Amino acid sequence: MNRDTPLNFDFVPYWTIPFRFFLTAPLFALIAGMALSVLGGMLLFGSDTALWQSRWFKEVILTLHLVTIGTVTMVMVGALFQVTSVVGGCLLPGGKVVPASVYGCLTLGVMLFSIAMLNDIAWLFAAAACLLVLGLMILAVCGLLAVSRAHRSSPTLMAMRLSLISLLVMIAVGGGLLLMHGYPEIVGFDRRWTDFHLLWGLAGWVGLLIMGVSFQVIPMFHVTPSFNLNFQRWTPVVTFLTLVAASVIDFFYAGGAVSSAAKGLLLACFGVYGIQVWRLLNKRKRKIEDVTVMLWKTAISSLMGFMVIQVVLECGWFGIVNEKAWLLNGVLLVFGVIVSVLGGMLQKIIPFLSYLHMQRFCAGNFEAIKSLPHMRAILQIKHSRYFYRLHLSSLLFLMLMILVPEVTLVAGLSLCLEFSLLFYMTARVAVMVWKAERNSLVVNVP
Ligand code: HEM
């Protein structure tokens with residue numbers, strides 16, 4: 001851990017705040033799995049359904065956002081409430097009202113997004129846009145306020161600031177895209193905005209937050225050396241500036257050599273970061289089997305696969321299978337890279353947070369602290385191992401599904417199994433913490 005940015009555990013939000021996001025996230029991935037299973041079933045046993053032919057098909061945008069908003073953003077928001085306070089030394093403003101409003105808007109917003117996409121109902125697109133933009137804007141503004149009031153400066157806080165600015169750009173455009181779906185005759189439809197939105201969502205909001213948080217959690221959870229301080233200071237800033245350039249150039253000169261070069265540079269930033277993470281993980285002190293490390297390595301391998309396919313895509317060498325290659329790359333990036341990293345981080349954050357809270361409930365009573373479960377026993381290793389295996393099989397089936405759509409049913413079922421397990425693992429810990437709190441109240445209240 002950096003000596004210049006010590007963590008602060010005096011400011012810890014009430015445990016249900018991050019946990020409600022962590023508990024809900026697997027449920028949306030489960031719904032995505034169910035949607036895939038239904039689509040796959042229809043293809044196998046029903047009508048002339050055509051699947052995974054184009055990135056513009058509704059089933060693609062629907063399942064993608066169940067995962068990117070319902071699961072990925074849900075986990076990141078939960079983690080943000082926690083990390084801002086621990087790294088910055090102050091809580092997000094707004095007490096319990098802010099997390100409750102963000103949670104409500106996100107949950108309802110994703111549901112309306114999905115129903116609107118399925119049924120093409122104009123006013124539902126508008127309602128989903130209002131809820132998602134409102135919820136995520138509250139989060140971004142409160143997050144930026146908390147970061148600006150932080151008691152110290154650190155590269156993690158800088159990366160968080162840039163990620164939250166990216167979130168504002170991404171949701172503004174995302175809301176506009178929903179309105180374009182609902183009211184194309186009034187708003188018009190310009191798909192250059194889709195590419196703009198996805199760059200800011202994936203590289204900005206998700207990429208920069210993962211980068212910033214990893215500067216703290218990789219050395220802390222895996223006992224590795226710290227990231228080089230200059231690397232920590234400059235990588236998020238350079239990545240952000242490259243993102244600005246790449247998105248603007250791509251908007252005005254899509255398909256040109258300059259646009260490909262700018263996007264290549266953006267990819268290179270993440271490539272260098274990925275290599276750095278891999279290098280540090282190999283230097284960890286205790287080289288025991290660790291599911292989080294395996295998930296990090298899966299993510300970095302997927303990122304390298306994504307980069308190779310992206311270069312071939314930009315060169316136009318895929319010809320008529322371009323759309324398939326695009327979708328395959330989408331699976332690699334969203335599921336192979338992002339979901340792997342977040343799934344891995346949860347394996348560490350959940351036991352760490354729950355132990356921290358249970359220890360606080362003991363209020364300095366050493367007998368009570370001694371009776372707490374060991375951190376490694378809070379999430380059972382065998383469950384984490386099953387989760388990893390299911391994650392690999394989901395990734396494989398999802399990629400295969402793009403090439404052979406008949407595999408969609410199996411991919412959906414694998415996703416259902418994986419995220420039912422993650423929900424069970426998280427719920428088991430939440431019950432453990434809840435019981436510890438209840439017992440502490442019984443002991444402490446005469
Ligand atoms: C982490 C958050 C998000 C990520 C990573 C993300 C990513 C993406 C990606 C990759 C696409 C392109 C899909 C394709 O080419 O097939 C897309 C499209 C879209 N996104 Fe998002 N998105 C996110 C959040 C949002 C939010 C919050 C909204 C709404 C407020 C939104 C609305 C849309 C819409 C309507 C489209 C379809 C555009 C079209 O049909 O051309 N997204 N998003």
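Located above this text is the structure these notes cover.
Residues numbered from 1 in each chain as written. Predicted model: local features only at pLDDT ≥ 70, side-chain atom pairs only at ≥ 80, totals over all residues.

Novice: Is there a simple way to think about the overall build of the chain in this case?
Specialist: Looking only at helices and strands, the chain has 15 helices and zero strands in total. Taken over C-alpha atoms, the radius of gyration comes to 22 Å for the chain, in line with the 22 Å a tight globule of 446 residues would show. Seen through its principal axes, the chain has C-alpha atoms that stretch 70 × 50 × 45 Å. Split into buried and exposed, the 446 residues of the chain put 47% on the buried side. A sequence separation of at least 24 residues applies to 79% of the contacts in the chain between residues at least 6 apart. (Helix = DSSP H or I, 4+ residues; strand = E, 2+ residues; numbered from the N terminus. Rg over C-alpha atoms; globule rule 2.2 N^0.38 Å. Buried ≥ 20, exposed ≤ 12 C-beta atoms within 10 Å, placed from the backbone. Contact = placed C-beta atoms within 7 Å.)

Novice: Please clarify how the site of the ligand should be interpreted in this entry.
Specialist: The local shell around the ligand holds 27 residues, among which Arg55, Gly174, Leu177, Leu198 and Gly201 are the closest. Looking at the shell around the ligand, the elements with two or more residues in it are helix 2 (58-88), helix 4 (122-148), helix 5 (155-182) and helix 7 (192-222). Per-class residue counts for the shell around the ligand are 16 nonpolar, nine polar and two charged. (Near = placed C-beta within 6 Å. Nonpolar A, V, L, I, M, F, W, Y, C, P; charged D, E, K, R; others polar.)

Novice: Got a minute to help me understand helix 14 (residues 381-403) in this structure?
Specialist: Along an α-helix, residues three or four apart share an orientation, since each turn contains 3.6 residues. Here helix 14 spans 34 Å end to end across 23 residues, near enough to the 33 Å set by a 1.5 Å rise per residue. Along helix 14, the residues classified as buried are Ser384, Phe387, Tyr388, Leu390, His391, Ser394, Leu395, Phe397, Leu398, Met399, Met401 and Ile402. (Expected span 1.5 Å × (residues − 1).)

Novice: What am I meant to see in the nonpolar core here?
Specialist: A general trend in soluble globular proteins is that nonpolar side chains are found buried together. Judged by nonpolar contacts, the single largest core of 137 residues is most densely connected at Val75 and Ala128. Among the elements that line this core, the one with the most residues is helix 11 (residues 322-361), at 19 residues. Excluding anything up to four places from it in sequence, Ala128 contacts Gly109, Leu112, Phe113, Ala116 and Leu178. (Core = buried A, V, L, I, M, F, W, Y, C linked by C-beta atoms within 7 Å.)

Novice: What's the story with helix 5 in this structure? I'm lost.
Specialist: Over its 28 residues, helix 5 extends 40 Å from the first C-alpha to the last, a length consistent with the 40 Å expected when each residue adds 1.5 Å. Among the 28 residues that make up helix 5, 21 are buried, leaving the element largely enclosed by the rest of the structure.

Novice: What is the right way to read unusual backbone geometry from this model?
Specialist: Trans is the prevailing form of peptide bonds, just as negative phi is the prevailing case for residues other than glycine. For Asp120, which is not a glycine, the phi torsion comes out positive at approximately 55°. With respect to the element layout, Asp120 can be found in the loop between helix 3 (97-119) and helix 4. Residue classification places Asp120 among the exposed positions, given that 11 C-beta atoms sit within 10 Å. Even without a glycine there, the phi angle at Val223 is positive, about 50°. Inspection of the secondary structure puts Val223 in the loop between helix 7 and helix 8 (229-252). The exposure class of Val223 is exposed, given the 12 C-beta atoms found within 10 Å.

Novice: Help me understand the environment of Pro155, please; the structure alone is not making it clear to me.
Specialist: One can find Pro155 in helix 5. Expressed as a C-alpha distance, the spacing of Pro155 and Val213, which sit 58 residues apart in the sequence, is 9.4 Å. In contact with Pro155, other than residues within four places in its own chain, are Gly212, Phe215, Gln232, Arg233 and Pro236.

Novice: What's the story with the packing of helix 9 (residues 257-282) against helix 10 (residues 291-315) in this structure? I'm lost.
Specialist: In a pair of packed helices, the angle between the axes and the distance between the axes together describe the arrangement. Packing of helix 9 against helix 10 leaves a shortest axis separation of 10 Å and a crossing angle of 155°. Our classification of the angle between helix 9 and helix 10 gives roughly antiparallel. When the axes of helix 9 and helix 10 are compared, the crossing they make is left-handed. In contact with Ser260, Leu267, Phe270, Gly271, Gly274, Val277, Trp278 and Leu281 of helix 9, helix 10 contributes Val293, Trp296, Lys297, Ile300, Leu303, Met307, Gln310 and Glu314. In terms of residue class, the contact of helix 9 with helix 10 is built from 10 nonpolar, four polar and two charged. (Axes fitted to C-alpha atoms, helices over the stretch in contact; angles between N-to-C directions. Parallel < 35°, antiparallel > 145°, perpendicular 65-115°, else oblique. Left-handed = near helix turned anticlockwise from the far one by under 90°.)

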